[in-house]
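Structural overview for review
Residue strings, one per chain:
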Amino acid sequence: MDSQRLETALKSEFGGTEPERRAIARAARDLADSGRPSRDRGHGLTVPGVIKHLGDAPDDSSLVDRWNWWLGALDVAYGGYDEFTVRFVEGDEQPGLRR
């Protein structure tokens, strides 16, 4: 998972703040490194794949909400994805509200 490429794609597709994009790219890299997507879905995590799945989230969703929405779906389907959700973004004043 190329974190820089993902951050650029996230900015282009969904906007969000730099800290949000960085937090999601870090979570995506951790998820890819875990090997879970390959085991559960039969293929690794890719930048185009992440962008596609985040695009399926409700239109009025923030960037972090899109990520957590997708991870929630993976967690329901396979279990064990909750640990990769983004709960706090540097600069947020109210941690825990990003769920």
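Structure first, text after, so check above.
Right, let's walk through the structure included here. (Residues numbered from 1 in each chain as written. Predicted model: local features only at pLDDT ≥ 70, side-chain atom pairs only at ≥ 80, totals over all residues. Heavy atoms only, no water.)

Notes on the environment of V64
With respect to the element layout, V64 can be found in helix α5 (residues 63-78). Each C-alpha atom of the pair V64 and A23 lies 8.7 Å from the other, and the pair is 41 residues apart in sequence. (Helix = DSSP H or I, 4+ residues; strand = E, 2+ residues; numbered from the N terminus.)

A word on the packing of helix α1 (residues 3-14) against helix α4 (residues 47-55)
At a minimum axis separation of 10 Å, α1 and α4 run at an interaxial angle of 30°. As summarised for this structure, α1 and α4 are arranged roughly parallel, according to the angle between their axes. Remark: the crossing between α1 and α4 carries right-handed chirality. Each of R5, L6, A9, L10, E13 and F14 in α1 lies in contact with α4, whose residues at this interface are V47, P48, V50, I51, L54 and G55. Residues that form the contact of α1 with α4 fall into these classes: nine nonpolar, one polar and two charged. (Axes fitted to C-alpha atoms, helices over the stretch in contact; angles between N-to-C directions. Parallel < 35°, antiparallel > 145°, perpendicular 65-115°, else oblique. Left-handed = near helix turned anticlockwise from the far one by under 90°. Contact = heavy atoms within 4.5 Å. Nonpolar A, V, L, I, M, F, W, Y, C, P; charged D, E, K, R; others polar.)

Looking at the side chain of R66
Its location among the elements puts R66 in helix α5. We note that R66 is buried and unpaired, the nearest opposite charge coming from D59 at a distance of 4.7 Å. A distance of 3.5 Å separates the side chain of R66 from the backbone oxygen of S61, its partner in a polar contact. Leave out the neighbours within four places in its chain, and R66 touches F14, L54, G55, A57, P58, D59 and S61. (Buried < 20%, exposed > 50% of the residue type's maximum accessible area, 1.4 Å probe, protein only. Lys, Arg positive; Asp, Glu negative; His and termini not counted. Salt bridge = Lys/Arg side-chain N within 4 Å of Asp/Glu carboxyl O. Polar contact = N/O pair within 3.5 Å; in protein donor to acceptor, adjacent residues only side chain to side chain.)

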